[in-house]
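Chains, contacts and geometry: an overview
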Number of protein chains: 2
Amino acid sequence: MITINENYLKLQDSYLFSTIAQKVEKFTKENPNKKVMKLGVGDVTLPIAPIVGEAIKKATDDMLQKETFRGYGPEQGYDFLRQKIAQYDYETLGVTIEKDEIFVSDGSKCDTGNIGEIFGTDNVIAITDPVYPVYLDTNIMAGRTGEYNQKTAQFEKVVYLPTTLENNFIPELPSRKVDMIYLCFPNNPTGTVLSKPELEKWVTYAKKNKAIILFDGAYEAFITEEGIPHSIYEIEGAKEVAIEFRSFSKTAGFTGVRCAYTVVPKELKAYTQEGKEVCLHQLWNRRQCTKFNGVPYITQRAAEAIYSNEGQKQIKENIAYYRENAKLITQGLQKAGYTIFGGKNAPYIWLKVPKGYTSWEFFDYLLEKANVVGTPGSGFGPSGEGYFRLTAFGSKANTLEAILRIQNLK
Amino acid sequence: MITINENYLKLQDSYLFSTIAQKVEKFTKENPNKKVMKLGVGDVTLPIAPIVGEAIKKATDDMLQKETFRGYGPEQGYDFLRQKIAQYDYETLGVTIEKDEIFVSDGSKCDTGNIGEIFGTDNVIAITDPVYPVYLDTNIMAGRTGEYNQKTAQFEKVVYLPTTLENNFIPELPSRKVDMIYLCFPNNPTGTVLSKPELEKWVTYAKKNKAIILFDGAYEAFITEEGIPHSIYEIEGAKEVAIEFRSFSKTAGFTGVRCAYTVVPKELKAYTQEGKEVCLHQLWNRRQCTKFNGVPYITQRAAEAIYSNEGQKQIKENIAYYRENAKLITQGLQKAGYTIFGGKNAPYIWLKVPKGYTSWEFFDYLLEKANVVGTPGSGFGPSGEGYFRLTAFGSKANTLEAILRIQNLK
């Protein structure tokens, strides 16, 4: 009898963004004349940079000629791209990453999900709370959690690290021993960051406890303040304890193009039950070679295009546009009396919902009264209750309109 | 202490094609003047069809304009492509597949590997022997096998179904009960096919034993003979017991473009340990939504382009080219005294190695004496010993040259 992976039955019913989409669809059907402003999902809206379009067309011409056609590429990515990543994203930070420590992929959602396959299911995971749902859900599927506890709104066996106003959005080191620590900074959903000394604490913890840090740097391009690490490898010794995930999605507007990468340093080790050291770089390489066939040649040429003076200029213009939106939202809502976090080093604005509302109640209120869609904080975890996320990825016109509508509610 | 997934330690040292690549690299370094003919890896060599190139460029223009830009797409694929797949690949066979039963992906290697995630690790798997290594390796990683047995060259707990000259390359139903059955027809590596009555036996077996068939149809476009099923869903009732994997890699020369799809019918069920039915369509949908972000918009437009009169004409020309190669290899090697299988309904030619050679010895012999690279049958499993695979994906000139060299060895 064919049996299922019963861990799937522990998953909560629907994915956060599907629930939002359903609510918005229902509202739109019932109110066809109202224009809904979507500042919910973190999806970009500006077109790809011209230089990226040129690169795609040029690569397509390569694929159309027998002499330059490319079939299966290396599962880890083409050298031309890995080399540029090492140079532009790490050398500039004073960090040495070898090109074969970089694994090019089709997205950080896949990578942060799939990475779990190389680890034992007995490891204890720690996640910040609120958190990007993929870290938790993929671990539920893998069997690293117990059942869902309705009372605490938490999964058993998981260590939740609250990041709230109470601790100034800086998670405390866990009180019990953990093995896999998911950190995303600049943070989704709170938009907050960790200073270098704060991040150092985690590297020290991981070394001391033989834990591993899964560091998601998807939003590093949005950092504006000095002294905030763009990569965990800026911390001394982090290569011994951290895997870093980076994506072109928000940096270069690639949410529909699909390209990302994961850095697995060669000095990174994990252990067998008996305590024997195993090189994780080899394990991840084997995983990728067996279950993945590489990113399209055309996509890798598209990603390569941003690593040039002109490419950097063009993508930075787009980022500046979203940053300006973040600033407008922050200022506009502060003016309307809201307490705002994030937004300065991230495309996410995290706000306290007004007294008397839950996150979902505030979602419904904004949708019905202002026709603005955001994301309820509780959807990211129990400590997200009482908060609400807005994103800076809309058009400037829509963003301004949304702010105005929220201001007029007051 | 962070522990690894120790199932990875059971994997055999290196992936078949890496070993071949290393041997070829060594030979080329030592013999820089000899031109090596590669008929080893199943990678296409003809450029993408012109209509596909046009579609990519048009889709790139969409991505360059704010009004037509696409960010995150549906994880399951765009309707425009799923609709065409249902119509061109299934309606034409008289098979009804709903568009939302089709999950577009970046490759069948990923899909045949990832599909295991939704099943329990207690299921007994059956694989034909020889077999495409990914089916086995991904199950080793998942923990569905025991240790490797040096004596039998088999993994414990796995049911091997020999497909050799002795049974005319038709696997027999397993003598012990199995739960997950991997079938790939037209077969890689043997190039042989199953008739409709033979495939019916498997569907009947699966129904009777509550097993599931994982049917890999990557090479269906190469079928030339009447009466050979192109899809397992041509068998009555197969939708209740089978998942089908299809790829654009060999059909449309997409090995470097990366697009495939998996059909998970809604009537397909698996069970909890307690025997409760669970809908696999929902489970796979949840897996894809959580761990995958969809195939690039541009790639899906590229795939869509082949589903038109002109698109079909162009890709069929490429397939005809490879078929002609297969015919030339078959006739040429038969003339040289070899016993040949496959080639008629598949891009693979499977030959008996001459008496006195093992598969790897014949590999070395061909490389050294004829400078021709093929794939040793034993690399696909113990029953592949004594066989050798050649592929029809080379250029016609190289294929003819390779045949001539092998003929001249005699």
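Residues numbered from 1 in each chain as written. Chains lettered and ligands numbered in written order. Predicted model: local features only at pLDDT ≥ 70, side-chain atom pairs only at ≥ 80, totals over all residues. Heavy atoms only, no water.

This part covers the overall build of chain A. Helices and strands together make up the secondary structure of chain A, namely eleven helices and 17 strands. The C-alpha radius of gyration computed for chain A amounts to 21 Å, which stays within 12% of the reference 22 Å derived for 410 residues, consistent with globular compactness. Considered along the principal axes of its C-alpha atoms, chain A spans approximately 60 × 55 × 50 Å. Across the 410 residues of chain A, 65% fall into the buried class. Long-range contacts, defined as pairs at least 24 residues apart, comprise 73% of the intrachain contacts of chain A with a sequence gap of at least 6. On chain A, roughly 15,400 Å² of surface is accessible, and the fraction owed to carbon and sulfur atoms is 48%. Taken as two groups, the 49 positive and 49 negative side-chain charges of chain A have centres that lie 3 Å from each other. (Helix = DSSP H or I, 4+ residues; strand = E, 2+ residues; numbered from the N terminus. Rg over C-alpha atoms; globule rule 2.2 N^0.38 Å. Buried < 20%, exposed > 50% of the residue type's maximum accessible area, 1.4 Å probe, protein only. Contact = heavy atoms within 4.5 Å. Areas by Shrake-Rupley, 256 points an atom, 1.4 Å probe, with all protein chains shown as cover. Lys, Arg positive; Asp, Glu negative; His and termini not counted. Charge placed at Lys NZ, Arg CZ, Asp CG, Glu CD.)

Here we come to the interface of chain A and chain B. Each partner contributes to the interface: chain A provides 87 residues, whereas chain B provides 87 residues. Where chain A abuts chain B, roughly 7,100 Å² becomes buried across the two surfaces, and 60% of that area is made up of carbon and sulfur atoms. For the chain A face of the interface with chain B, the top three residues by lost area are A:M1, A:I2 and A:Y72, together amounting to 12%. Run the count over chain A and chain B and you get eight salt bridges. The salt bridge involving B:K109 is made with A:E75; its shortest N-O contact spans 3.1 Å. Seen at the junction of chain A and chain B, the total is 40 residue pairs in polar contact (both at pLDDT 80 or more). Of all the secondary-structure elements, those providing two or more residues to the side of chain A that touches chain B are α2 (50–64), α4 (108–114), α5 (133–142), β11 (269–271), α7 (280–291) and α8 (297–305) of chain A. (Buried area = accessible area lost by both parts, 1.4 Å probe. Salt bridge = Lys/Arg side-chain N within 4 Å of Asp/Glu carboxyl O. Polar contact = N/O pair within 3.5 Å; in protein donor to acceptor, adjacent residues only side chain to side chain.)

This next bit is on the sheet that holds strand β14 (residues 348–352) of chain B. All names here are of chain B. If you walk across this open sheet you meet the four strands as β13-β14-β17-β16, and the pairing is antiparallel. The open sheet terminates on both sides in strands that have one partner only, identified here as β13 (340–342) and β16 (375–376). The pairing of β16 with strand β17 (residues 387–391) spans two bridges and is antiparallel. Paired with T375 across the strands is R389, a residue of β17. Sitting on the sheet, helix α9 (residues 309–335) touches β13, β14 and β17, and the angle it makes with β14 is about 15°. (Pairing = 2+ DSSP bridges. Axes fitted to C-alpha atoms, helices over the stretch in contact; angles between N-to-C directions.)

Let us look at the sheet that holds strand β14 (residues 348–352) of chain A. Residues and elements named next belong to chain A. Here four strands make up an open sheet; going across it, the order is β13-β14-β17-β16 and the pairing antiparallel. Either end of the sheet is taken by a strand with one partner, and the two such strands are β13 (340–342) and β16 (375–376). As paired strands, β14 and strand β17 (residues 387–391) are joined by five bridges and run antiparallel to one another. Bridge pairing links I349 to L390 in β17. Packed on one face of the sheet, helix α9 (residues 309–335) meets β13, β14 and β17 and runs near 15° to β14.

Following the sequence through the fold, A:T28 ends up in helix α1 (residues 16–30). Note: C-alpha distance between A:T28 and A:E54 (26 residues apart in sequence) is 38 Å.

The next subject is the pattern of salt bridges. Here the structure, examined in full by the defined rule, presents 42 salt bridges over all chains. For B:E304, the salt bridge goes to B:R301, with nearest N and O atoms at 2.9 Å. In this pair, B:E304 and B:R301 are both assigned in helix α8 (residues 297–305), three residues apart and thus about one turn of the helix distant. Classification of B:E304 as buried rests on a relative accessible area of 16%. Residue B:E317 pairs with B:K313 through a salt bridge whose shortest N-O separation is 3.6 Å. Of this pair, B:E317 and B:K313 both sit in helix α9, separated by four residues, roughly a single helical turn. Accessibility expressed as a relative area gives 46% for B:E317, which makes it partly exposed. The class for B:K313 is partly exposed, based on a relative accessible area of 47%. Through salt bridges with shared partners, a single network forms among A:E117, A:R287, A:K291, B:E117, B:R287 and B:K291.

The subject of this paragraph is the packing of aromatic side chains. Residue and element names in this part refer to chain A. Per the stated rule, a full pass over the model turns up 58 aromatic pairs over all chains. An angle of 75° between the planes, with centres 6.0 Å apart, marks the rings of F169 and Y387 as edge-to-face. Separated by 218 residues along the polypeptide, F169 in the loop between β6 (159–162) and β7 (180–184) and Y387 in strand β17 bring together distant segments of the chain. Taking relative accessible area as the criterion, Y387 reaches 2% and is therefore assigned buried. Among the aromatic residues, those joined into a cluster by ring pairs are Y88, Y90, Y233, F248, F254, Y261 and Y307. Note that R82 overlies the ring of F103, its terminal NZ or CZ placed 6.0 Å from the centroid. (Phe/Tyr/Trp six-rings, centres within 6.5 Å; stacked < 30°, edge-to-face > 60°. Lys NZ or Arg CZ within 6 Å of the ring centre and 35° of its normal.)

Another point: the pairing of strand β7 (residues 180–184) of chain B. Residues and elements named next belong to chain B. For β7, a buried count of five out of five residues is recorded, marking the element as mostly surrounded by other parts of the structure. Side chains of β7 alternate between two faces, with M180, Y182 and C184 and I181 and L183 buried alike. Here strand β3 (residues 125–129) runs beside β7; their pairing, made up of three bridges, is parallel. By the bridge assignment, I125 is partnered in β7 with M180. Pairing geometry for β7 and strand β8 (residues 212–216), over five bridges, is parallel. Residue I181 lies in a different strand from β8, and its bridge partner there is I213. Each parallel crossover has a hand, and the one from β7 via helix α6 (residues 196–209) to β8 is right-handed. (Right-handed = clockwise from strand over helix to strand, strands pointing away.)

In this structure the tally under the stated criterion is nine cavities of 30 Å³ or more. In this structure, the largest cavity is lined by 18 residues; those nearest its centre are A:N114, B:D106, B:C110, B:N114 and B:F292. Its boundaries defined by the atoms lining it, the second largest cavity holds a volume of some 90 Å³. Along the walls of the second largest cavity sit A:I56, A:V257, A:P296, A:I298, A:T299, B:I56, B:V257, B:P296, B:I298 and B:T299, which together make up its complete lining. (1 Å grid on protein atoms, 1.4 Å probe; cavity = no way out; pocket = protein on both sides within 12 Å on 5 of 7 lines; lining within 4 Å. Points joined across faces, edges and corners; volume = space filled by probe spheres on them.)

Right, let's get into the relation of the copies chain A and chain B. At an RMSD of 0.0 Å, chain A and chain B line up after a rotation of 180° and a shift of 0.0 Å along the axis. The symmetry that links the two subunits is that of a two-fold axis. For chain A, the minimum C-alpha distance to the rotation axis belongs to A:K57 and amounts to 3.0 Å. Of all interface residues in chain A, 100% are interface residues in chain B too; the two copies therefore contact each other through one and the same surface. (Least-squares fit on C-alpha atoms with pLDDT ≥ 70 in both.)

Omega for the bond connecting B:D129 with B:P130 falls within 30 degrees of zero, at 5°, which places this linkage in the cis form. Within the element layout of this structure, B:P130 appears in the loop between β3 and α5 (133–142). With an omega of -5°, the peptide bond between B:F185 and B:P186 qualifies as cis. Structurally, B:P186 can be placed in the loop between β7 and α6. Of note in this structure, A:A153 is not a glycine but carries a positive phi near 60°. Tracing the backbone through its elements, the reader meets A:A153 in the loop between β4 (148–149) and β5 (154–155). We note that B:K157 has phi near 75°; this positive angle belongs to a residue other than glycine.

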